[in-house]
Amino acid sequence: MNATGARILELLDSRVLPAWYNVREARFYACHGMFGFPPGGSFAAKIIKRLESYPARAGYTVSAPVIPVAVPAPKAPEARTYTATAPAIQARGMYRLNGEIYKVVDNPRTGRFAAHKLDMETRKYTYAKGIIYKLTEAHRLDTSTIAAHGLDQLWCLCCGRALDRKDSQERGIGPICADKYGF
Ligand SMILES: [Zn+2]
C-alpha cells in the first residue's frame, strides 16, 4: 500500500460516509495502491478531497495522520546515446574494441566505411551495426599485432583463410588481403 492508499483508508475509517459510498471497493483500491496510480494523480487527490469533506465520525479518537499526496517528480528526459554522424576513423583496416576484432571495409552501398566483427571460432566476419561510429584511430591494430596473430594462429586475420607461406604468417595477412587492404 502506498501513502495515498493509507490516507484514503484512514479517511474511510474516520468519516461518516454516505450510504451509497462503496466502502468495500474503496478499501480494496486503497489497499492495492490503485488510487496512487499514477502516484499523486488527480484522481487520488479528488477522492481524498471528497472524503475529507464528509463529517468526522463521532468517537473517532485516532487523529488521522496527514499524509500528503505524493507529487510525482518530474520525469528526467530519457537517457539517449548519440552517435557521431560520421566515422572517426580515417582508413579501412583492422581494429580492436573491447576485446573484439573488427575489419573496416568500404560499404559499396553507402560509399562509407562499415565494420565487420570477427568470430574467433568460425573465423567469419559479420556486419556489426553502429560499431563504425565507436571506432577511432586509437583502436587500429598495428602491423606487429597482426603479425603476432599470424604467427600464433596461422590464419589471415582479414578473411580467416589458412596461411601456408612463411611471409604471410609473419605478416598475419594473406597475399590477397594484403593486396586488397594494403597491408
Ligand atoms: Zn585474407
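Residues numbered from 1 in each chain as written. Predicted model: local features only at pLDDT ≥ 70, side-chain atom pairs only at ≥ 80, totals over all residues.

> What should I look at first to understand the packing of helix H1 (residues 3–14) against helix H2 (residues 23–31) in this one?
In helix packing, the relevant descriptors are the interaxial angle and the interaxial distance, both defined with respect to the helix axes. Here H1 crosses H2 at 155°, and the two axes come no closer than 8 Å. Taken as axis vectors, H1 and H2 run roughly antiparallel relative to one another. Once H1 is placed against H2, the crossing between them reads as left-handed. For the pair formed by H1 and H2, the contact residues are Gly5, Ile8, Leu9 and Leu12 on the first element and Val23, Ala26, Arg27, Ala30 and Cys31 on the second. Split into classes, the residues belonging to the contact of H1 with H2 amount to seven nonpolar, one polar and one charged. (Axes fitted to C-alpha atoms, helices over the stretch in contact; angles between N-to-C directions. Helix = DSSP H or I, 4+ residues; strand = E, 2+ residues; numbered from the N terminus. Parallel < 35°, antiparallel > 145°, perpendicular 65-115°, else oblique. Left-handed = near helix turned anticlockwise from the far one by under 90°. Contact = placed C-beta atoms within 7 Å. Nonpolar A, V, L, I, M, F, W, Y, C, P; charged D, E, K, R; others polar.)

> Is there a simple way to think about the sheet that holds strand E4 (residues 124–127) in this case?
Backbone hydrogen bonds hold the strands of a sheet together, and the pairing may be parallel or antiparallel. With respect to topology, four strands assemble into an open sheet ordered E1-E2-E3-E4, the strand pairing being antiparallel. What marks the edges here is a single partner per strand, and that holds for strand E1 (93–97) and E4. Adjacent strand axes in the sheet meet at a mean angle of 40°, parallel and antiparallel pairs treated alike. Sheet analysis places E1 next to strand E2 (residues 100–107), joined by five bridges and oriented antiparallel. For tyrosine 95, the partnering residue across the bridge sits in E2 and is tyrosine 102. (Pairing = 2+ DSSP bridges.)

> Help me out: how do you make sense of the packing of H1 against helix H3 (residues 42–53) in this one?
Between H1 and H3, the least distance of the axes is 10 Å, while the angle of their chain directions is 20°. Put simply, H1 runs roughly parallel to H3. H1 and H3 meet at a crossing whose hand is left-handed. Each of Thr4, Arg7, Ile8, Leu11 and Leu12 in H1 lies in contact with H3, whose residues at this interface are Ala44, Ile47, Ile48, Leu51 and Glu52. In the contact of H1 with H3, the residues fall into seven nonpolar, one polar and two charged.

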